[in-house]
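Coordinate analysis (summary)
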Amino acid sequence: MSLIRHDDPVFDPADADPSVDLGVDFYQYVNGGWIDANPVPPEYSRWAAFEEVRTRNEDLLHRLLTDAAAEPGAPGTPTHWVGRYFAAGMDEAAIASAGLAPIQSLLDQAMAIGSVDDLLAALPAFHQIGAGPVFGASVIPDFDDSSVHLLYLDHGGLGLPERDYYMRDDEASVQLREAYTTYLTNMLGLVDFPDAAGAAHGVLELETALAERSYTNTQARDMDLVLNRRSVAAVVEAAPGLGLRAYLDAIGAGNVTDLNVDNPGFFEVVHAVLSDAAPAALRAYAVTNLLRATASSLPPAFEDEQFRFYGTILGGQQEQKPRWKRVLRAATGEIGELVAQLYVAEAFSEHAKERALALVHHLTAAMETSIRNLDWMTDETKEAALQKLAGFTPKIGYPDVWKDYTGLEFGDGPWIELRMAARRLEYARRIRKLDEPVDPHEWAMAPHEVNAYYHPLRNEIVFPAGILQSPFFDDDADDAVNYGGIGAVIGHEITHGFDDMGSRFDAEGHFRNWWSEHDRAEFERRADVVADQYSEYTVLGELTVNGRLTLGENIADLGGVTIAYAALQDALAETGSEMIGGLTPEQRFFLSNARIWRSVETDEYMRLRVSTDPHSPPEFRCNGVMANLQEFADAFGIPDDAPMMRPVVDRAKIW
Ligand SMILES: [Zn+2]
């Protein structure tokens with residue numbers, strides 16, 4: 001029998017599957033009807049609550065972008081830039097007739113590579129337009145002093161999602177590498193690269209050699225491995241072939257004296273590794289990197305081949321999204337805060353901002369109580385934790401000060417020229433930050449995105465206007481629904497400040513250990529319980545969830561719901577506990593939480609996700625959390641030995 005009534009103001013009984021026992025599979029019980037009614041659309045690799053909100057946001061933006069393209073307005077205004085960008089992106093005739101001309105000089109540079117040194121010398125020009133051969137450079141707050149910036153060199157240069165794709169020798173992985181080699185061959189063929197098939201094999205070999213020296217996904221999350229401050233002189237001495245000084249000069253960072261190297265061993269051997277490749281492989285490697293970064297705005301043959309491999313074979317997506325959505329997505333990445341200015345003017349009210357901010361304050365207060373009451377943490381560490389919590393900066397909706405796009409020139413050329421202009425401006429902005437203090441107003445995500453983040457180096461939690469929408473947040477819904485939805489998301493981000501990664505940074509965002517050894521051991525003992533729990537989960541019958549890769553997110557999911565539940569109890573103590581639609585607030589809280597994880601995905605996407613995504617598959621983001629919570633069992637009268645529940649002795653509790 002369904003608990004959800006037809007007159008419920010929030011929940012739709014058709015979304016549930018009352019034939020499932022909620023004590024067996026709560027996720028399926030809440031979402032089974034919705035899952036049956038929502039096959040993955042052919043132009044998606046997954047369809048989830050996130051996509052539902054994103055689609056609504058996109059529809060609104062489609063109208064705004066179309067209007068801006070028709071009437072761009074005065075130069076220097078958001079509508080001008082956005083309108084020009086959108087019009088150019090939609091102009092397929094201009095894209096087709098321009099052909100490769102807009103990237104011809106970069107292509108020539110790639111085709112002229114005759115040695116490793118030539119390849120390394122070409123990197124700055126490639127990196128500035130978003131191509132990523134060999135490594136990348138980013139500028140974020142300095143982990144020793146978060147008021148200033150530091151340059152971070154990050155190893156990379158792989159065309160497949162991560163290093164294990166080159167290492168695994170099971171049937172599916174071997175086939176995927178063959179498909180990847182075909183993709184490389186076809187791309188090289190499109191620019192008449194001599195012996196494209198032979199060169200493609202050379203690229204795969206070269207990338208495999210880089211992959212062998214790369215971190216696994218789990219290693220890449222390990223702060224003890226990735227934070228390595230070095231003087232430029234020391235890197236030059238350890239990796240003389242890298243040409244670091246010339247690279248820094250070329251990107252405009254010649255006065256940098258020290259930087260972070262995420263994987264020192266990689267940088268030390270990379271010149272020797274690349275030296276094993278034939279010159280033709282180095283050229284083909286540079287060419288395919290350039291084409292991968294630009295294919296989405298090149299003529300259809302390039303765009304289609306790119307989609308065939310990355311969209312369909314890797315992601316299981318059957319059809320391209322409509323062109324306007326692709327242009328909008330590119331705009332979000334390249335001129336995101338210009339697009340967002342149009343969005344928030346229409347889609348985000350001051351009232352919604354106030355209510356969301358109040359939720360953040362209630363969640364923060366609940367986290368404070370939780371820390372004070374922890375039985376496993378010593379008083380000294382609690383003090384530091386409370387200090388850290390008090391230092392949190394919440395950012396809601398959109399930035400107080402919008403990013404300055406002065407200097408961005410959009411001519412009348414084809415779309416790719418506008419895109420490269422935007423990427424170069426962004427790259428230059430990033431490098432310029434090395435000489436500037438950290439800007440407290442800066443956002444790392446476009447405000448119309450359906451996402452949220454915690455930034456350990458800035459000690460801030462950020463909730464864009466894009467996610468402050470139903471079913472996450474509904475200005476008209478009862479508190480229980482909002483605490484179970486966006487409240488759990490807010491709690492999730494708050495606890496990131498205290499998880500295996502976030503807890504390594506203090507209230508100012510400095511990389512400093514503020515835990516006693518005893519408390520760290522206690523935390524890790526509890527974290528191990530979470531890792532073991534999720535490592536037992538499988539999808540598609542055979543794929544095991546990586547409990548280590550997903551540990552930080554699983555702890556945040558569990559902590560987020562725990563804190564949000566406590567905050568709801570505080571709110572109910574003030575407002576009183578009222579039944580709605582025959583449901584208690586506690587029941588509505590858990591139903592709302594299960595609802596935000598509803599999701600269907602292609603098998604290909606699920607495979608990709610299990611090996612690369614630090615978040616668990618959606619059903620476990622729901623059931624994995626509930627399985628540990630007595631409050632959940634009590635809300636629905638579920639016995640301790642029900643399949644949904646972990647045995648009481650094995651239950652995880654951290655916050
Ligand atoms: Zn997270």
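Parameters and conventions
- Residues numbered from 1 in each chain as written.
- Predicted model: local features only at pLDDT ≥ 70, side-chain atom pairs only at ≥ 80, totals over all residues.
- Helix = DSSP H or I, 4+ residues; strand = E, 2+ residues; numbered from the N terminus.
- Rg over C-alpha atoms; globule rule 2.2 N^0.38 Å.
- Contact = placed C-beta atoms within 7 Å.
- Axes fitted to C-alpha atoms, helices over the stretch in contact; angles between N-to-C directions.
- Left-handed = near helix turned anticlockwise from the far one by under 90°.
- Buried ≥ 20, exposed ≤ 12 C-beta atoms within 10 Å, placed from the backbone.
- Pairing = 2+ DSSP bridges.
- Core = buried A, V, L, I, M, F, W, Y, C linked by C-beta atoms within 7 Å.
- Domains from an automatic or database assignment.
- Expected span 1.5 Å × (residues − 1).
- Nonpolar A, V, L, I, M, F, W, Y, C, P; charged D, E, K, R; others polar.

It is worth spelling out the overall build of the protein chain at this point. A tally of helices and strands in the protein chain yields 28 helices and eleven strands. Taking 655 residues into account, the globule formula puts the C-alpha radius of gyration at 26 Å, and the protein chain, at 25 Å, falls close to it. Taken along the three principal axes of its C-alpha coordinates, the protein chain extends 70 × 55 × 50 Å. Counting only contacts in the protein chain whose residues sit at least 6 apart along the sequence, the fraction spanning at least 24 positions is 74%.

Once that is clear, we can look at the packing of helix α22 (residues 479–496) against helix α25 (residues 585–596). In the contact formed by α22 and α25, the axes pass within 7 Å of each other and the chain directions differ by 35 degrees. With respect to the hand of their crossing, α22 and α25 are arranged in right-handed fashion. Touching Ala480, Val481, Tyr483, Gly484, Gly485 and Ala488 of α22 are Pro585, Arg588, Phe589, Phe590, Ser592, Asn593 and Ile596, all from α25.

This part takes up the pairing of strand β5 (residues 258–261). In β5, alternate side chains face the same way, and those of Leu259 and Val261 are buried while those of Asp258 and Asn260 on the opposite face are not. Pairing analysis gives two bridges linking strand β3 (residues 149–155) to β5, with the strands arranged parallel. Residue pairing for β5: Leu153 is matched across the bridge by Val261. Across three bridges, strand β4 (residues 229–231) lies against β5 in antiparallel orientation. Bridging from a neighbouring strand, Arg229 pairs with Asn260 of β5.

The sheet built from four strands is open, its strands ordered β2-β3-β5-β4 with mixed pairing. The two strands at the open ends of the sheet, each matched to only one other strand, are β2 (135–141) and β4. Each neighbouring strand pair of the sheet contributes to a mean axis angle of 35 degrees, computed without reference to strand direction.

As a further point, take the nonpolar core. Of all hydrophobic cores here, the largest spans 173 residues; its most connected members are Val82, Leu290, Val339 and Leu363. In terms of residue count, the dominant contributor to this core is helix α24 (residues 551–575) (twelve residues). Viewed by domain, this core spans two of them, domain 1 (104–297) and domain 2 (348–403 + 442–650), each represented by three or more residues. Other than its neighbours up to four places away in sequence, Leu363 contacts Gly487, Ile490, Gly491, Ile494, Ile563, Ala564 and Ala567.

Between its first and last C-alpha, helix α17 (residues 323–334) extends 17 Å over twelve residues, near the 16 Å set by a 1.5 Å rise per residue. Every buried residue of α17 is accounted for by Val327, Leu328, Ala331, Thr332 and Glu334.

Right, let's get into the sheet that holds strand β8 (residues 460–464). With mixed pairing, the three strands of this open sheet are ordered in space as β6-β8-β7. The sheet is open, and its two edges are formed by β6 (393–397) and β7 (453–455), each paired on a single side. The mean angle between the axes of side-by-side strands here comes to 15 degrees, regardless of whether they run parallel or antiparallel. Looking at chain direction, β6 and β8 are connected through five bridges and run parallel. The residue bridging Lys395 from the neighbouring strand is Val462, located in β8. Strands β6 and β8 of the sheet are contacted by helix α19 (residues 350–373), whose axis makes an angle of about 150 degrees with β6.

This part is about the environment of Leu540. Examined against the element boundaries, Leu540 turns out to sit in the loop between β9 (538–539) and β10 (543–544). In sequence terms Leu540 and Arg588 are 48 residues apart; their C-alpha atoms lie 30 Å from each other.

Another point: the domain arrangement of the protein chain. Much of the literature gives interface size as the accessible area that the parts lose upon coming together. By domain assignment, the protein chain separates into domain 1 (104–297) and domain 2 (348–403 + 442–650). Taking the mean C-alpha position of each, domain 1 and domain 2 sit 35 Å from one another. Contacts between the two partners involve 14 residues from domain 1, matched on the other side by 15 residues from domain 2. Looking at the side of domain 1 that touches domain 2, the elements that each hand over two or more residues are β2 and α10 (217–220). Among the residues forming the side of domain 1 that touches domain 2, the class breakdown is six nonpolar, three polar and five charged.

Let us now look at unusual backbone geometry. Each neighbour pair has its own omega, and for Ser470 with Pro471 the value is 10 degrees, a cis peptide bond. Tracing the chain through its elements places Pro471 in the loop between β8 and α22. At Val134, a residue that is not glycine, the phi angle is positive and equals roughly 70 degrees. Mapped onto the elements, Val134 comes out in the loop between α6 (116–128) and β2. Take Val134: there are 27 C-beta atoms within 10 Å of it, and that puts it in the buried class. Positioned with a positive phi, Leu540 is a non-glycine residue whose angle comes to about 50 degrees. Accessibility expressed as a C-beta count within 10 Å gives 10 for Leu540, which makes it exposed.

Here Thr77 is to be found in the loop between α2 (49–70) and α3 (78–90). By C-beta crowding, Thr77 is classed as partly exposed, having 14 other C-beta atoms within 10 Å. Separated by 328 residues in the primary sequence, Thr77 and Tyr405 have C-alpha atoms spaced 9.4 Å apart.

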